[in-house]
Amino acid sequence: MTRILVVGCGFAGATVARELADAGWEVDMIDQRSHIAGNAFDEIDCNGIRIHRYGPHLFHTSNKRVIDWIARFGEFVTYEHRVQARLPDGRCVVLPINRATINDVFGVTLNDSEAVRAFLLTQAVDIAHPANAAEYLATKVGVILSDLFFRPYTRKMWGLDLEDLDASVVKRIPLRYDNEDRYFPGETYQVMPRLGYTRLFEVILDHPCIRVCLNQSFDASMLRGYVHCFNSMPIDAFFDYRIGRLPYRSIRFHHHTVRFDYGCGSAATINFTDAGPLTRETDWTRIQGHVVRQGPSKTITREEPCDYSENNHERYYPVKTSDGRYQVLYSRYKALAAAVANVSFIGRCGTYQYLDMHQVISQSLAHVSAWIDQRRSSGSVKGSPLSSSSEPSGRFACTPNIGLSAGS
Ligand code: UDP
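Nothing here was measured: the structure is a model prediction, and the numbers come from that model.

Student: A description of helix α5 (residues 133-140) should follow, citing residues and the corresponding values.
Tutor: For α5, every residue scored as buried is listed here: Ala133, Ala134, Tyr136, Leu137 and Ala138. On its buried side, α5 packs onto α6 (142-158) and α7 (167-170). Capping the start of α5, Asn132 holds a side-chain oxygen 3.0 Å from the backbone nitrogen of Ala134, two or three residues further along. Phi turns positive, to about 85°, at Gly142, one or two residues after α5.

Student: Go over the site of the ligand, please, and point to the residues and values.
Tutor: Trp158, Arg172, Tyr183, Tyr317 and Tyr354 are the nearest of the 16 residues found near the ligand. At 2.8 Å, a side-chain N or O of Arg172 approaches an oxygen atom of the ligand. With 6 residues, α6 is the single largest residue contributor to the shell around the ligand. By residue class, the composition of the shell around the ligand is 12 nonpolar, 2 polar and 2 charged.

Student: Would you mind going over the pattern of salt bridges in detail, with residue names and values included?
Tutor: Side-chain pairs of opposite charge can arise whenever the charged atoms involved come near each other. Tallied over the entire structure, the rule returns 30 salt bridges. The closest approach of N and O atoms between Arg252 and Glu304, which form a salt bridge, is 3.7 Å. One end of the pair, Arg252, is in strand β12 (residues 248-259); the other, Glu304, is in strand β15 (residues 297-307), with 52 residues separating them in the sequence. Since its relative accessible area comes to 29%, Arg252 is described here as partly exposed. The closest approach of N and O atoms between Arg325 and Asp323, which form a salt bridge, is 3.0 Å. A single network of salt bridges, built from pairs that share partners, joins Arg3, Glu26, Asp28 and Arg211.

Student: Describe the packing of helix α3 (residues 99-106) against helix α4 (residues 113-123), listing the residues and the values that go with them.
Tutor: The packing of two helices is summarised by the inter-axis angle and the distance between the axes. Put simply, α3 and α4 touch, their axes get as near as 11 Å, and they point 50° apart. Taken together, the axes of α3 and α4 are oblique relative to one another. Helix-helix and strand crossings are classified by hand; for α3 and α4 the assignment is left-handed. Mapping the contact onto sequence places Arg99, Ile102 and Phe106 in α3 and Val116, Phe119, Leu120 and Gln123 in α4.

Student: Tell me about the pairing of strand β14 (residues 280-283), residues and numbers included.
Tutor: Burial along β14 is two-sided: Arg280 and Thr282 facing one way and Glu281 and Asp283 facing the other are all buried. Where strand β13 (residues 269-272) and β14 come together, 3 bridges link them in antiparallel fashion. Residue pairing for β14: Ile270 is matched across the bridge by Glu281. In terms of strand pairing, β14 meets β15 through 4 bridges, oriented antiparallel. In the sheet register, Arg280 faces β15, and the bridge partner there is Glu303.

Student: Describe the sheet that holds strand β5 (residues 59-61), listing the residues and the values that go with them.
Tutor: Strand order in this open sheet of 3 strands is β5-β9-β6, and the pairing throughout is antiparallel. Each edge of the open sheet is held by one strand with a lone partner, namely β5 and β6 (76-78). Each strand axis lies, on average, 40° off the axis of its neighbour in the sheet, ignoring direction. Sheet analysis places β6 next to strand β9 (residues 189-193), joined by 3 bridges and oriented antiparallel. If you follow Val77 over to β9, its bridge partner there is Met192.

Student: So, the nonpolar core: which residues are in play, and what are the values?
Tutor: Side chains of a nonpolar character, in soluble globular proteins, are inclined to be buried together. Among the nonpolar cores identified, the biggest contains 115 residues, and Phe11, Leu20, Phe149 and Phe218 are the most heavily contacted of them. For Phe11, the contacting residues outside a window of four places in its chain are Ala40, Ile70, Tyr197, Leu200, Phe201, Met357, Val360 and Ile361.

Student: Lay out the side chain of Lys298 with the relevant residues and their values.
Tutor: Among the structural elements, Lys298 can be located in strand β15. Lys298 gets classed as buried once you look at its relative accessible area, which sits at 1%. Among the polar contacts made by the side chain of Lys298, one reaches the main-chain carbonyl oxygen of Phe260 at a distance of 3.2 Å. Polar contacts involving the side chain of Lys298 include one to the side chain of Asp283, which spans 2.7 Å.

Student: Describe the packing of aromatic side chains, listing the residues and the values that go with them.
Tutor: Aromatic ring pairs are defined here through the distance separating the ring centres and the angle between the ring planes. Scanning the model with the defined rule gives 22 aromatic pairs in all. Measuring from centroid to centroid gives 6.0 Å for Phe253 and Tyr316, while their planes differ by 40°, and the two rings are tilted. One end of the pair, Phe253, is in strand β12; the other, Tyr316, is in the loop between β15 and β16 (317-318), with 63 residues separating them in the sequence. Summarising the burial analysis for this pair, Phe253 and Tyr316 share the class buried. Ring plane angle 85° and centroid distance 5.5 Å describe the contact between Tyr317 and Tyr354, whose orientation is recorded as edge-to-face. Taken together, the positions of Tyr317 in strand β16 and Tyr354 in the loop between α11 (347-351) and α12 (357-377) put the pair 37 residues apart, joining distant regions of the chain. Residue class for Tyr317 comes out buried when judged on its relative accessible area of 12%. Among the residues examined, Tyr354 registers a relative accessible area of 24% and is labelled partly exposed. One aromatic cluster is present, built from ring pairs that chain together Phe11, Phe59, Phe76, Tyr197 and Phe201. The aromatic ring of Tyr177 is capped on one face by Arg117, whose charged end is 4.1 Å from the ring centroid. The ring of Tyr317 carries Arg348 above its face, with NZ or CZ at 5.3 Å from the centroid.

Student: Could you give an account of helix α1 (residues 11-22), naming the residues involved and the relevant values?
Tutor: End to end, α1 covers 16 Å across 12 residues, agreeing with the expected 16 Å (1.5 Å per residue, within 8%). Most of α1 is tucked away, with 11 of its 12 residues classed as buried. Among all positions of α1, only Phe11, Ala12, Gly13, Ala14, Thr15, Val16, Ala17, Arg18, Glu19, Leu20 and Ala21 are buried. A positive phi of about 105° marks Gly24, the residue just after α1.

Reading the values: the criteria
Residues numbered from 1 in each chain as written. Predicted model: local features only at pLDDT ≥ 70, side-chain atom pairs only at ≥ 80, totals over all residues. Heavy atoms only, no water. Buried < 20%, exposed > 50% of the residue type's maximum accessible area, 1.4 Å probe, protein only. Helix = DSSP H or I, 4+ residues; strand = E, 2+ residues; numbered from the N terminus. Contact = heavy atoms within 4.5 Å. Polar contact = N/O pair within 3.5 Å; in protein donor to acceptor, adjacent residues only side chain to side chain. Near = heavy atom within 4 Å. Nonpolar A, V, L, I, M, F, W, Y, C, P; charged D, E, K, R; others polar. Salt bridge = Lys/Arg side-chain N within 4 Å of Asp/Glu carboxyl O. Axes fitted to C-alpha atoms, helices over the stretch in contact; angles between N-to-C directions. Parallel < 35°, antiparallel > 145°, perpendicular 65-115°, else oblique. Left-handed = near helix turned anticlockwise from the far one by under 90°. Pairing = 2+ DSSP bridges. Core = buried A, V, L, I, M, F, W, Y, C linked by side-chain atoms within 4.5 Å. Phe/Tyr/Trp six-rings, centres within 6.5 Å; stacked < 30°, edge-to-face > 60°. Lys NZ or Arg CZ within 6 Å of the ring centre and 35° of its normal. Expected span 1.5 Å × (residues − 1).

Keep in mind that these numbers describe shape and distance, not what the molecule does.
This is the structure in structure tokens:
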């Protein structure tokens, strides 16, 4: 047996599949959806606008290994994401909170970073060891800014109060003392695939040793046909939820056609800080390369978070509470997984982590290269990439190439 099964055609599965294929293994990939690219899937809609079906995916990383790997499969264009927060009174201000934001919100005139630091010290609460998102934010920006920018938004995003949320979730949002207004200010590479993510995935998976089978759910009986399985399905589902369910937040996307001149400012995304059901609105035309055919109309997309059970079991965000209760449950699943020698769990749902795309690629590269090295040292890899092609799994009809046109 020389074939490997990869479950899921998102970033985790595609990274692993391509590395395995390049190392000489034959790979069958399955995905229960009808398309590749996982949650990064994009397509061109009736307004001629490239939209991301599962919400905006903005590629950013400082990891050279990741950018070098992904750049092998397509051209990238620079895109620096900017966000505005719409306050309950209707004013729009810069997010991340920066000098201009503080001047706007408090009606002050702070002229430099030192003045901003000094001002925030008057707001901040002294807590030696912040135990949750509320306490972390209180130490950084104080209660007024926390309650304005984070409390209602977090409540609708997670269905949790800031006190119940792990601080790492809000630490994703930088705090700036200067006038830097990019959403990912520290990242060296802020780019988008020129022809979209779907096209990028087509190229990653275009390899004679990779076969892709869509509309195919995982079944444990498939494992018998393979030497190993890299699995990005939800780890609790793999074990039939035997010790409980790992929760996820999901998003309902509401797409609207509006006049092309709708909106103002330059930010692609507006976050809604009020207590209404929506978290944000994205104007795709403000993202580099997303106007494919310009007409009189364009598409904007609004996001309404919910529990995944209310959205066709679409899992987007693992939930990380301040008491770590779901991480404890995940570690019990991880212990069960350790006893299944021929399956490795990968990606957001396989490892129950709130990972960005670049982190998924980085972890997947590390994981699969360790596996390949271990196999090489035990002498079990074939010499040539096609040396085992006479041994099809025969379990399901896979195609050598995917040939999708959406988004390309
Ligand atoms: N957040 C918030 N207000 C905002 C933006 C973010 O309270 O305007 C909090 C919220 O809890 C959110 C987290 O910060 O889930 C991380 O935000 P990010 O924009 O990184 O979320 P993602 O892009 O992954 O959906």
